[in-house]
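Listed here are the chains, written in short residue letters.
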Amino acid sequence: MKPILGYWYIRGIANPIRLLLHYVGVEFEDKMYTDPSEYYDKDLRNLSELLDFPNLPYYIDDEVKITQSKAILRHLGRKHNLDGSNEQELVRMDVIYEQVIEFFVALLSMAYLPDVENRKEIHEKLRKQFHAALPSKLLAITKFLGNDEWMGGKKLTYIDFIIYDVLDAIRRLFHPENLNAFPTLVAYVTRVEELKGVKEYLASDAFQPMPIFGPFALFGNTKDYTPSE
Amino acid sequence: MKPILGYWAVRGRANPIRMLLHYVGADFEDKGYTEPNEWFGKDKIDLAATLDFPNLPYYIDDEVKMTQSRAILHHLGRKYKLDGSSEDELVRMSVIYEQVIELFVAMGQMAYPPAVENRLEIHEKARKEYLDSLPGKLAAIAKFLGTDDWMGGKGLTYVDFIIYDILDFNRHLFNPKHINAFPTLVEYLTRVEALKGVKEYLASDAFHPLPIYGPVALIGNTKDYKPID
């Protein structure tokens, strides 16, 4: 069967999966839900029979029926020879993933705050705090990458699609100059974008860089979102 | 050299690592920081040259010098043959790990809401949402485990120490009744606690079930914290 990746139409947490599948040239159905009821009222019933923890994204092929974007990526990484090949690589991959995912969790937390009166004020506070801490965090990532091409070291791995996506999210949710201050990271991001398969996908109509978050998020939630800092 | 695990003298993110090391009988230094200045003012600076991303917990032995608790556990899992060996197992481990980590993140956000005037209101909202959704989530986890002894479906793996700890948090931060409503999960927790090495550690003075979080957290921040609901 043709594999199916199901997710909202936004970039969210699915883009690394989309990038990986385009890189390995697997033909898959990129099922994008634009209407919540199409997921909740229509597909969820059937998916609840198939999936242990029904959720978006889900990935279904002849071998697996799973949710959780990281689990999907780790499986595809092993399947398509995009996993680390020695202990040093594996350790590097895990460390940088955990480090960079902290960014993404912070971005998610500030995008989707609880429904309290001062949520905009809290969002502003968190965003400013995040922005202030950004240079030192990006510096640490730059140092970690060093002269290597890929985050694990010599080999492209599934982790690179995740790190790429978070770094690219940062230069869309904040002014690109924040990332441009780190030429090694810009070179890294460009390196991922130049990969055969990825390049064509990013140039196609199928790829929409924005929105990153859903319509109810406090930022990055529209096609033409412009960062304020 | 004797491996060193450095972390705050709370349960936090370190307990699965401590449990794994006691299970495999590794002789290690369990360095618990009680004084913030001992870390921030001294060791963090001293370790800046050793660690790519100086942070707690850190784990240093003859092979690795690393941070990020999940990365440490994954490395120790491979080192001590507590990793999955088949694709099925690895997929199961990834999926349940990501699923249960969501509980960990939610509890952490509840414990440390943003530093704003109405942080208690935010905390209460998050708490209610968490406890309302908990039975459904635990039911799905119990169903996933099924009649297996361990989450991977075959043998004990490093993921079981993480799942154990997060589920046990729920018995200390909230009324144990939520977990006790699922006898197979209670059996699972007991199974982990009965492991040779783990049993002795949990019974020793070295282990404290509480505090889970630091002193400024809104829940689980003292040795004798009593859950409200």
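Heads up: the structure comes first, above all this text.
Every value quoted in this text rests on a predicted model; they were computed, and no experiment measured them.

(A) Seen up close, the interface of chain A and chain B. In this assembly, 31 residues from chain A lie in contact with 34 residues from chain B. The largest contributions to the chain A side of the interface with chain B come from F53(A), Q68(A) and R78(A), which together make up 22% of the buried area. Applying the counting criterion to the chain A and chain B interface returns three salt bridges. One salt bridge in this structure joins E87(A) and R78(B), with 2.8 Å as the shortest N-O distance.

(B) Just the side chain of R92(A), in detail. Residue and element names in this part refer to chain A. Within the fold, R92 resides in helix α4 (residues 87-111). Its relative accessible area of 16% is what places R92 among the buried residues. Separated by 2.7 Å, the side chain of R92 and the backbone oxygen of F144 make a polar contact. Among the polar contacts made by the side chain of R92, one reaches the main-chain carbonyl oxygen of M151 at a distance of 3.1 Å. Ignoring anything within four residues of it in the chain, the contact list for R92 reads F144, L145, D148, M151, G152 and G153.

(C) How the structure looks around the pairing of strand β2 (residues 29-33) of chain A. All names here are of chain A. The pairing of strand β1 (residues 4-8) with β2 spans five bridges and is classified as parallel. Note on β2: the bridge partner recorded for I4 is E29. Taking the sense of rotation as the criterion, the β-α-β connection linking β1, helix α1 (residues 15-24) and β2 turns out right-handed.

(D) Expanded view of the sheet that holds strand β3 (residues 58-60) of chain A. Residue and element names in this part refer to chain A. Pairing is mixed in the open sheet, where four strands are placed in the order β2-β1-β3-β4. Strands with a single pairing partner mark the edges of an open sheet, and in this sheet they are β2 and β4 (65-67). Averaged over neighbouring strand pairs, the angle between their axes works out to 15° when direction is ignored. Contacting β1, β2 and β3, α1 runs over the sheet at an angle of about 150° to β1. The sheet contacts of helix α2 (residues 36-50) involve β1, β2, β3 and β4, and relative to β2 the element is tilted by about 130°.

Definitions and limits used
Residues numbered from 1 in each chain as written. Chains lettered and ligands numbered in written order. Predicted model: local features only at pLDDT ≥ 70, side-chain atom pairs only at ≥ 80, totals over all residues. Heavy atoms only, no water. Contact = heavy atoms within 4.5 Å. Buried area = accessible area lost by both parts, 1.4 Å probe. Salt bridge = Lys/Arg side-chain N within 4 Å of Asp/Glu carboxyl O. Helix = DSSP H or I, 4+ residues; strand = E, 2+ residues; numbered from the N terminus. Buried < 20%, exposed > 50% of the residue type's maximum accessible area, 1.4 Å probe, protein only. Polar contact = N/O pair within 3.5 Å; in protein donor to acceptor, adjacent residues only side chain to side chain. Pairing = 2+ DSSP bridges. Right-handed = clockwise from strand over helix to strand, strands pointing away. Axes fitted to C-alpha atoms, helices over the stretch in contact; angles between N-to-C directions.

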